[in-house]
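# Examination of the molecular architecture
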Amino acid sequence: MSDTIFSKIIRREIPANIVYEDDLALAFKDIQPVAPIHIIVIPKKPIPKLDEATLEDQVLLGHLLLIVQKIAEQMGLTNGYRVVINNGDDGGQTVDHLHVHLLGDRPMRWPPG
Ligand code: AMP
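Criteria and cut-off values
- Residues numbered from 1 in each chain as written.
- Predicted model: local features only at pLDDT ≥ 70, side-chain atom pairs only at ≥ 80, totals over all residues.
- Heavy atoms only, no water.
- Core = buried A, V, L, I, M, F, W, Y, C linked by side-chain atoms within 4.5 Å.
- Buried < 20%, exposed > 50% of the residue type's maximum accessible area, 1.4 Å probe, protein only.
- Helix = DSSP H or I, 4+ residues; strand = E, 2+ residues; numbered from the N terminus.
- Contact = heavy atoms within 4.5 Å.
- Near = heavy atom within 4 Å.
- Polar contact = N/O pair within 3.5 Å; in protein donor to acceptor, adjacent residues only side chain to side chain.
- Areas by Shrake-Rupley, 256 points an atom, 1.4 Å probe, with all protein chains shown as cover.
- Nonpolar A, V, L, I, M, F, W, Y, C, P; charged D, E, K, R; others polar.
- Lys, Arg positive; Asp, Glu negative; His and termini not counted.
- Salt bridge = Lys/Arg side-chain N within 4 Å of Asp/Glu carboxyl O.

It is characteristic of soluble globular proteins that their nonpolar side chains tend to be buried jointly. Membership of the largest hydrophobic core comes to 17 residues, with the highest contact counts inside it found for Ala27, Ile39, Val41, Leu64, Ile67, Ile71 and Leu102. At the level of secondary structure, the elements contributing two or more residues to this core comprise strand E2 (25-29), strand E3 (37-43), helix H2 (58-74) and strand E5 (100-104). Per-element tally for this core: the top contributor is H2, with 6 residues. Residues within four places of alanine 27 in sequence aside, it is in contact with Asn17, Ile18, Val19, Tyr20, Ile39, Ile40, Val41 and Ile71. With 8 residues, the next largest nonpolar core counts Phe6, Phe28, Ile42 and Val95 among its residues.

So, about the site of the ligand. Looking at the ligand, there are 16 residues lining it, with Asp30, Asn86, Thr94, His99 and His101 nearest. Take aspartate 30: an N or O atom from its side chain is 2.5 Å from an oxygen atom of the ligand. In the complex, the protein chains occlude 86% of the 500 Å² of accessible area that the ligand would expose alone. Contributions of two or more residues to the shell around the ligand are made by helix H1 (5-10) and E2. Looking at the shell around the ligand element by element, the count peaks at 3 residues for H1. Residue composition of the shell around the ligand, grouped by class: 6 nonpolar, 8 polar and 2 charged.

This brings us to the side chain of aspartate 22. Tracing the backbone shows aspartate 22 in the loop between strand E1 (18-21) and E2. Summary of buried charges: aspartate 22 has no salt-bridge partner, and the nearest side chain of opposite charge, lysine 44, is 5.8 Å away. Polar contacts involving the side chain of aspartate 22 include one to the side chain of histidine 63, which spans 2.7 Å. If near-sequence neighbours (up to four positions away) are discounted, aspartate 22 is found in contact with Lys44, His63 and Ile67.

Put into structure tokens, the structure is as follows:
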């Protein structure tokens, strides 16, 4: 399992603006936000990408989405928001640690780029 920048954030080896943490997950502000609110939610378990999640991770995957919901509520995103998981090269994934993007506080366009 290769180490990533997100593993270093979990271990507090590099700084991050953490907005949520529990035993299973961590959420922090994206360093290069593409929306006024851009939060990254990650499992502490280093699953490289969605493709590599298994049935064993079913509860964990649901947990990540409920964290997104909780943060969106706390940040006042009452008019909606977007949730994105980039998977693999064609998905635009750049960090090989499964993560969920929460994007909000502006209208989103469709289709995405
Ligand atoms: P993805 O392209 O889906 O793999 O998303 C990776 C995201 O991680 C990008 O939006 C980056 O801006 C973000 N990112 C990379 N390094 C950091 C960091 N040190 N702290 C916070 N966000 C980061």
